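Here's the letter readout for the chains.
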Amino acid sequence: MAKVKRTGRQVKDPADAGRKYCLHPTPQQAERLGNWGHTCRAVWNVALEQRLYVYTQRRKNLRADEQCGYLTQARHDLEWIADLPSQVPQQVLRHLDQAYQNFWNPEHPAAFPRFKKRTSRLTIPFPGQAVRVTKLNRTWACVRIPKLGEVKFRLTRPLGGRIKNAVIRRDATGRWYVSFGVHTSRTAAPPNGQPAVGVDFGVKQAAYLSDETEPRLMPQTLTKGEQRRLAGLERRRERQIREAKRHRGGKYSNRLQRTLRAIAERQARQARRRSDFTHKLTTDLAKSHGLVAIEDLRVKQMTRSARGTQSEPGAHVSQKAGLNRAVRDNTPGERRRQLAYKCPAYGSELVLVPPARTSQTCGACNLWDPASRINRDAFACTGCGHTDDADHNASVLILSRAFPDQVRTASAAGHCGAQHASTGQARPAMPRPCTGRTREPLNPSSAAAQPSSDTEGYKESWQVIAGRMSKNKGVSGLPRDTPKLGP
Ligand SMILES: [Zn+2]
């Protein structure tokens, strides 16, 4: 399948799966990559600033094609931009195009593209032609990067396709990763013939399946000791920031940097454990069911803050914040994204059902009555007397909504909430090893560069904007080790 760009050009064999590996650069390579990452950030920021400037002055949208011209000029003038391999900043501009495209797309939740802070995650994008991967042995491979040479990475799974793009990233803990978008030319699997299931993603319980009698619980992402340590580190961070403001004019000390790294380390650990659970859960759902029904939730609206405005402050702000955190801990949006690509790969079908009133409607007789929800955990229908765990009742209802025309399935039969509602124990997890058959709906640069016709009057060069930025906003857009720009 070929994707059509807005210019009418067809992208041949687009990337349809992603592969992420731990990168192991040498200290010299890591330093250079770090500089490149900040340069990419600067290119993004200056390009965004230029687009904003042109739009406010001339009501015109600059696109990557045109900005590449200014880029060439900037590479000629500025040594630190010229240090980047030439394809990298072009790729950054294409990503900026994509960010605008997503913002304009009413179906896409993306907000307007933002400026990248010094503390943001560093990202260095490459087109597929710029990199080459060589396998060294069973566990190691290396990727050839222009101007840098071979960089080793752990080959934890086969690439399984042709490389279409590559991104090198550094996270908050200083670890390096390389991700490849690959074209696997795999098509959807034939239907797997397994039973249908409704799933309710809860707050207290990670997931409740309509054909199970116990909820799936996410294990604690941090142990008791780790939680204590994290809380202590966060208190230390607050104290050190206070001290920095009082005595050093806000300049961060080395000890504070160390504290921030330690906090980032623990939060990254937490994120890895959560992601592990989410992948195992979604793989299991897609693999052992022919149809997976979930609620079509709007997570962003759901987790909106209760803070309100200054004139009209909201109520129960911290309670809502806690609830929001719990909802986001369960990453419902990420689960849905994973199911959307895993279901076709395992011969299953994903159905999104309307979420209205699933918590207050009876799964047996379909009667809606808020009084049926007697408390947070239990459900007792005021019409037919059916009792159930509230989340299980919701999952049965979700399944029935996936078949609006059919007679209700009897998944609720023989189920009694009172027996297990309070056991609180996880059913033995059924993680099946990931076989690498998944397909990812990667959307690489459908950049849709639209050539704009009239930019003759516009002459401001990159350097002028870069100079203006460094005057107005300090050195926010520039890498640390670069000389200050002239006007
Ligand atoms: Zn009922």
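Let me sum up the structure you'll find in this document.

Some remarks on the overall build of the chain
Thought 1: Looking only at helices and strands, the chain has twelve helices and 15 strands in total.
Thought 2: A buried classification covers 30% of the 487 residues belonging to the chain.

As for the environment of Arg-266
Thought 1: Its location among the elements puts Arg-266 in helix H6 (residues 254-287).
Thought 2: As a C-alpha pair, Arg-266 and Arg-229 span 37 residues in sequence and 9.1 Å in three-dimensional space.
Thought 3: Discounting residues that sit within four places of it in the chain, Arg-266 has contacts with Leu-222, Glu-226 and Leu-230.

Focus: the sheet that holds strand E5 (residues 132-135)
Thought 1: Taken together, the seven strands give an open sheet; going across it, the order is E4-E8-E9-E3-E7-E6-E5, and neighbouring strands pair in antiparallel fashion. The open sheet is flanked by strand E4 (122-127) and E5, the only strands paired with a single partner. Within this sheet the neighbouring strands show an average axis-to-axis angle of 35 degrees, counted without direction.
Thought 2: Bridging between E4 and strand E8 (residues 162-170) involves six bridges; their strand directions are antiparallel. Note on E8: the bridge partner recorded for Pro-125 is Val-167.

Looking at the packing of H6 against helix H9 (residues 332-345)
Thought 1: Their axes nearest at 9 Å, the elements H6 and H9 cross at an angle of 40 degrees. Comparing their axes, H9 and H6 come out oblique. The two elements H6 and H9 meet at a crossing, and its hand is right-handed. Two secondary-structure elements touch here, H6 through Thr-278, His-279, Thr-282, Thr-283, Leu-285 and Ala-286 and H9 through Glu-334, Arg-335, Gln-338, Leu-339, Lys-342 and Cys-343.

Overview of unusual backbone geometry
Thought 1: Its identity is not glycine, yet Lys-147 carries a phi of approximately 70 degrees, on the positive side.
Thought 2: Position of Lys-147 among the secondary structure elements: in the loop between strand E6 (140-145) and strand E7 (149-154).
Thought 3: For Lys-147, a count of 11 C-beta atoms within 10 Å corresponds to the exposed category.

Calculation rules
- Residues numbered from 1 in each chain as written.
- Predicted model: local features only at pLDDT ≥ 70, side-chain atom pairs only at ≥ 80, totals over all residues.
- Helix = DSSP H or I, 4+ residues; strand = E, 2+ residues; numbered from the N terminus.
- Buried ≥ 20, exposed ≤ 12 C-beta atoms within 10 Å, placed from the backbone.
- Contact = placed C-beta atoms within 7 Å.
- Pairing = 2+ DSSP bridges.
- Axes fitted to C-alpha atoms, helices over the stretch in contact; angles between N-to-C directions.
- Parallel < 35°, antiparallel > 145°, perpendicular 65-115°, else oblique.
- Left-handed = near helix turned anticlockwise from the far one by under 90°.

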